[in-house]
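An overview of the molecular structure
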Amino acid sequence: MSRPCPCESKKTFDRCCEPFVMGRSLPETAEKLMRSRFTAYSLGKADYLAATTCAEERAKLDVEELGQYCKAVKCISLRILSTEAGGKDDETGTVVFHAKLMINGKRMLHREKSRFVREEGKWMYVDGDTN
Ligand SMILES: [Zn+2]
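The sections below set out a description of the structure shown in this document. Note that the structure is predicted; figures quoted are calculated from it, not measured.

To continue, consider the nonpolar core. If you look at the biggest cluster of nonpolar residues, it comprises 28 residues, and the most contacted ones within it are Cys 7, Cys 17, Met 34, Phe 38, Leu 78 and Phe 116. Those elements giving two or more residues to this core turn out to be helix H1 (18-21), helix H2 (30-43), helix H3 (46-51), helix H5 (63-72), strand E1 (73-85), strand E2 (92-103) and strand E4 (122-130). In terms of residues, this core owes the most to one element, H2, which gives five residues.

The structure is reproduced here in structure tokens:
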């Protein structure tokens, strides 16, 4: 199956986010994790979103609520504006992105600067500043 990846990398899903979202491999950069989380939002994979959130924030998450949010929101497009660190040899990283979303039939532009950290070698989402 070679449908385009929801994260708009212009790669096919099976060569982009699918191995991450399906738990077959780990994203080696913060940007790849960010993309796979956008894809998980598109596909309603709340478990993946929870699993890729850092331990401290995960404790506050309501996975059921997150699943409801995934159903209410439609991800239209993603644009990565900049990244800082977040590479193979980094322990922290940030990704600035714009995501076009549709929430309850209303279009909106979500702007976020997300923070990522490595936990036991795996990239995890910490939180984000929105404006
Ligand atoms: Zn992707």
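Another aspect to go through is the coordination of the zinc ion. Every protein donor of the zinc ion is accounted for by Cys 5 (SG), Cys 7 (SG), Cys 16 (SG) and Cys 17 (SG), and the metal-donor separations fall at 2.3 Å. One can describe the site at the zinc ion as tetrahedral: its four donor atoms subtend angles covering 105 to 114 degrees at the metal. For the zinc ion, the single-chain donor residues occur in sequence as C-x1-C-x8-C-C. Here Cys 16 lies in the segment before H1 and Cys 5 lies in the segment before H1, a separation of eleven residues in the sequence. In terms of burial, Cys 5 and Cys 16 fall into one category: buried.

Below, the discussion takes up the packing of aromatic side chains. Given two aromatic rings, their pairing is described by the distance between the two centres and the angle made by the two planes. Tallying each qualifying case throughout the model produces two aromatic pairs. For the pair Tyr 41 and Tyr 69, a centre-to-centre distance of 6.0 Å together with 85 degrees between the ring planes defines the contact as edge-to-face. Of this pair, Tyr 41 sits in helix H2 while Tyr 69 sits in helix H5, placing them 28 residues apart in sequence. Residue class for Tyr 69 comes out partly exposed when judged on its relative accessible area of 36%.

Next up on the list: unusual backbone geometry. A positive phi angle, near 50 degrees, is found at Ala 85, a position not held by glycine. One non-glycine residue with positive phi stands out, namely Glu 120, at about 50 degrees. Tracing the sequence through the fold places Glu 120 in the loop between strand E3 (106-119) and E4.

Glancing now at the sheet that holds E4. Read across the open sheet, the four strands follow the order E1-E2-E3-E4; overall the sheet is antiparallel. Looking at the sheet topology across the chains shown, the edges are occupied by E1 and E4. Averaged over neighbouring strand pairs, the angle between their axes works out to 30 degrees when direction is ignored. The pairing of E1 with E2 spans eleven bridges and is antiparallel. From the neighbouring strand, Ala 85 faces E2, where its bridge partner is Gly 93. Packed onto the sheet, H2 meets E1, E2, E3 and E4 and runs at close to 170 degrees relative to E1. Packed onto the sheet, H5 meets E1 and E2 and runs at close to 110 degrees relative to E1.

Within the secondary structure layout, Leu 78 lies in strand E1. Note: C-alpha distance between Leu 78 and Thr 39 (39 residues apart in sequence) is 9.6 Å.

Rules behind the numbers
- Residues numbered from 1 in each chain as written.
- Predicted model: local features only at pLDDT ≥ 70, side-chain atom pairs only at ≥ 80, totals over all residues.
- Heavy atoms only, no water.
- Core = buried A, V, L, I, M, F, W, Y, C linked by side-chain atoms within 4.5 Å.
- Buried < 20%, exposed > 50% of the residue type's maximum accessible area, 1.4 Å probe, protein only.
- Helix = DSSP H or I, 4+ residues; strand = E, 2+ residues; numbered from the N terminus.
- Donors = N, O, S within 2.8 Å, 3.2 Å for Na, K, Ca; no water.
- Tetrahedral: all angles 85-135°; square planar, octahedral: opposite > 155°, others 65-115°.
- Phe/Tyr/Trp six-rings, centres within 6.5 Å; stacked < 30°, edge-to-face > 60°.
- Pairing = 2+ DSSP bridges.
- Axes fitted to C-alpha atoms, helices over the stretch in contact; angles between N-to-C directions.
- Contact = heavy atoms within 4.5 Å.

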